[in-house]
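Listed below are the residues making up each chain.
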Amino acid sequence: MSHSTLTPVFVGLRTGLHVLVGTLLTLVVARLLIVRSDTMGVGLVLCAGFALVYVLGARIASLGESRRAAAGAIWLAILSAIWVGLLMLVPEAAYLVFPLFFLYLHVLPRAAGPVVIVIATGIAIIALGLHGGFSVAGVVGPLVGAGVALLIGLGYRALAREAAEREALVTELLATRGQLAAAEREQGVLAERGRLAREIHDTVAQGLSSIQMLLHAAEAADSDRPGIEHIRLARTTAADGLADTRRFIRELAPPSLDAGLSSALHRLSDQWGREGLRVAVTTPTTVTDLPMDMQTALLRIAQGAVANVAQHAGASTVAITLDVVGTDVVLAVRDDGVGFDPAAVRSRAGTTGSFGLRATEERVQQLGGELTIDSAPGEGTTLTVHLRGQQT
């Protein structure tokens with residue numbers, strides 16, 4: 001059993017059982033040595049066998065679940081047979097039935113334990129009666145011992161069940177704490193990305209926009225002067241830098257999810273439409289019951305996929321489809337571009353500066369989903385993300 005707050009209780013009970021067996025077995029050995037009957041040698045051999053078999057029982061705990069029950073039953077059968085043999089020689093061996101009661105309850109199945117206890121109690125009573133005559137004490141003693149053993153055994157089972165429930169609860173709480181910490185980290189990352197996007201937009205992007213407008217004005221005013229080609233080159237460079245910066249901002253800061261993932265995907269379509277790429281979006285009426293971090297991750301996957309299409313695929317249209325069926329969520333991004341070889345791209349992922357596909361795979365793995373890419377040169381590309389059991 002793994003560690004819990006009740007582990008010391010179980011350790012104490014097992015230790016007490018071991019001490020009880022050792023004490024009672026010592027009493028039987030002392031009785032044999034004091035009386036020194038003709039059966040003393042046989043009795044001592046049986047005592048040694050009892051001790052040996054009892055110690056070997058510790059190895060049963062290391063067996064697999066399927067073998068443990070059968071091995072435990074065989075072990076108890078051998079131990080009980082030795083006890084009956086001792087009981088025939090020494091009446092004090094009847095006391096060994098008390099630790100055997102606890103073993104029957106602990107090792108045998110729930111219904112079999114009490115039945116075997118009743119049988120063992122009857123054997124002890126009969127043996128005591130044959131050795132010294134039947135008496136009230138000889139009958140009441142084993143019966144009381146059996147009753148006490150049953151009560152303690154049932155209490156032990158209740159404690160074990162409560163410990164298992166507490167352990168499961170603690171495990172669940174720890175897992176929930178880990179999920180909350182991951183969500184907080186994700187929110188921190190999103191906040192930092194938003195801050196970076198705003199800073200870049202308010203500084204670099206605005207500066208490049210101003211430079212482009214000034215150079216355009218200078219080019220229009222002095223179109224015939226020497227050096228105008230340098231001005232045109234500077235303006236073109238500034239325009240390219242501005243386009244790259246805006247794309248970087250778009251990748252850092254996805255459209256707001258306040259109105260839900262469906263609205264965000266449609267705004268993403270509108271943004272790319274203004275840049276000449278037709279993006280068709282098909283979504284359910286509402287997907288607001290998805291966790292916010294999951295909506296953000298799906299939006300980023302779609303955003304990255306469309307950006308890759310615009311940069312590499314040479315496509316004219318892109319179709320984004322979001323399906324929510326029960327607790328399953330499927331996001332598909334299809335394009336009519338040039339396509340590619342996914343295996344070849346994955347093999348080069350660690351040696352090139354492109355990490356879009358790897359980043360998408362990592363996001364899907366964090367969500368516990370599956371990513372499939374259906375593409376071939378000249379046949380377009382379909383990227384599908386399948387998340388199972390994700391709705392709240």
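Here the structure is a predicted model, which means the values were calculated and not measured.

Asks: Would you mind showing me how to read the overall build of the chain here?
Replies: Secondary structure summary: the chain contains 11 helices and 5 strands in total. Taken over 392 residues, the chain has a buried fraction of 35%. Partitioning the contacts of the chain with sequence separation of at least 6, the portion at a separation of at least 24 is 64%.

Asks: What is the right way to read the packing of helix α8 (residues 261-273) against helix α9 (residues 292-313) from this model?
Replies: Any two packed helices are characterised by the angle at which their axes cross and by the distance between the axes. For the pair α8 and α9, interaxial distance at closest approach is 10 Å and the crossing angle is 20°. When the axes of α8 and α9 are compared, the pair comes out roughly parallel. Judged by the twist between their axes, the crossing of α8 over α9 is right-handed. Judged by residue contacts, Leu261, Ala264, Leu265, Leu268 and Trp272 of α8 engage Gln295, Leu298, Leu299, Ala302, Gln303, Val306, Ala307 and Ala310 from α9. A class-by-class count of the residues in the contact of α8 with α9 yields 11 nonpolar, 2 polar and no charged.

Asks: Looking at this model, I keep getting lost on the nonpolar core. Mind explaining?
Replies: As a rule of thumb, soluble globular proteins bury nonpolar side chains together. One finds Phe50 and Trp83 to be the most contacted residues of the largest nonpolar core, which totals 36 residues. Contributing elements (two or more residues each) for this core: α1 (7-35), α2 (40-56), α3 (65-89), α4 (97-107), α5 (112-132) and α6 (136-221). Considering every element that reaches this core, the biggest residue donor is α3, with 7 residues. Non-local contacts of tryptophan 83, meaning those with residues more than four positions away in its chain, are made with Phe50, Ala93, Ala94, Leu96, Val97, Leu100, Ala120, Ile123 and Ala124. Membership of the second largest hydrophobic core comes to 35 residues, among which are Val281, Leu298, Leu331 and Leu367.

Asks: Please clarify how a nonpolar patch on the surface should be interpreted in this entry.
Replies: Where nonpolar side chains cluster on the molecular surface, the patch consists of Val136, Val140, Val144, Val148 and Ile152 and spans about 410 Å² of accessible area. In this fold, valine 140 is placed in helix α6. The class of valine 140 is partly exposed, set by a relative accessible area of 41%.

Asks: Please clarify how the sheet that holds strand β1 (residues 278-282) should be interpreted in this entry.
Replies: If you trace the 5 strands from one edge of the open sheet to the other, you get β1-β2-β3-β5-β4, paired in mixed fashion. A strand with exactly one partner marks an edge of an open sheet, and here the two such strands are β1 and β4 (370-375). Each neighbouring strand pair of the sheet contributes to a mean axis angle of 10°, computed without reference to strand direction. Here strand β3 (residues 328-335) runs beside strand β5 (residues 381-387); their pairing, made up of 7 bridges, is antiparallel.

Asks: Any chance you could explain the pairing of β4 here in plain terms?
Replies: Moving residue by residue along a regular strand, the side chains alternate between the two faces of the sheet. Residues Leu371, Ile373 and Ser375 point to one face of β4 and are all buried, whereas Glu370, Thr372 and Asp374, pointing to the other face, are not buried. What sits between β4 and β5 in their antiparallel hairpin is a turn of 5 residues, with glycine 378 showing a positive phi close to 85°.

Asks: So what exactly am I meant to see when it comes to the packing of aromatic side chains here?
Replies: What describes a pair of aromatic rings is the distance from one ring centre to the other and the angle between the planes of the rings. Evaluation of the coordinates by the stated rule reveals 2 aromatic pairs. For the pair phenylalanine 98 and phenylalanine 101, a centre-to-centre distance of 6.1 Å together with 75° between the ring planes defines the contact as edge-to-face. Taken together, the residues phenylalanine 98 and phenylalanine 101, both in helix α4 and 3 residues apart, mark about one turn of the helix. For phenylalanine 98, a relative accessible area of 25% gives the class partly exposed.

Asks: Explain the side chain of aspartate 335 to me, please; I cannot follow it from the model alone.
Replies: Relative to the helices and strands, aspartate 335 resides in strand β3. For the buried aspartate 335, which has no salt bridge, the nearest side chain bearing the opposite charge is arginine 334, at an N-O separation of 9.7 Å. A distance of 2.7 Å separates a polar side-chain atom of aspartate 335 from the backbone nitrogen of glycine 337.

Asks: Got a minute to help me understand the pattern of salt bridges in this structure?
Replies: Any two side chains of opposite charge can pair, so long as their charged atoms come close to each other. Overall, the coordinates contain 2 salt bridges when judged by the stated rule. For glutamate 162, the salt bridge goes to arginine 166, with nearest N and O atoms at 2.8 Å. Residue glutamate 162 and its partner arginine 166 are located together in helix α6, separated by 4 residues, close to a single helical turn. What makes glutamate 162 partly exposed here is its relative accessible area of 32%.

Reading guide: rules and limits
Residues numbered from 1 in each chain as written. Predicted model: local features only at pLDDT ≥ 70, side-chain atom pairs only at ≥ 80, totals over all residues. Heavy atoms only, no water. Helix = DSSP H or I, 4+ residues; strand = E, 2+ residues; numbered from the N terminus. Buried < 20%, exposed > 50% of the residue type's maximum accessible area, 1.4 Å probe, protein only. Contact = heavy atoms within 4.5 Å. Axes fitted to C-alpha atoms, helices over the stretch in contact; angles between N-to-C directions. Parallel < 35°, antiparallel > 145°, perpendicular 65-115°, else oblique. Left-handed = near helix turned anticlockwise from the far one by under 90°. Nonpolar A, V, L, I, M, F, W, Y, C, P; charged D, E, K, R; others polar. Core = buried A, V, L, I, M, F, W, Y, C linked by side-chain atoms within 4.5 Å. Patch = residues over 30% accessible without salt bridge, like charges linked within 9 Å, V, L, I, M, F, W, Y side chains within 5 Å. Areas by Shrake-Rupley, 256 points an atom, 1.4 Å probe, with all protein chains shown as cover. Salt bridge = Lys/Arg side-chain N within 4 Å of Asp/Glu carboxyl O. Pairing = 2+ DSSP bridges. Phe/Tyr/Trp six-rings, centres within 6.5 Å; stacked < 30°, edge-to-face > 60°. Lys, Arg positive; Asp, Glu negative; His and termini not counted. Polar contact = N/O pair within 3.5 Å; in protein donor to acceptor, adjacent residues only side chain to side chain.

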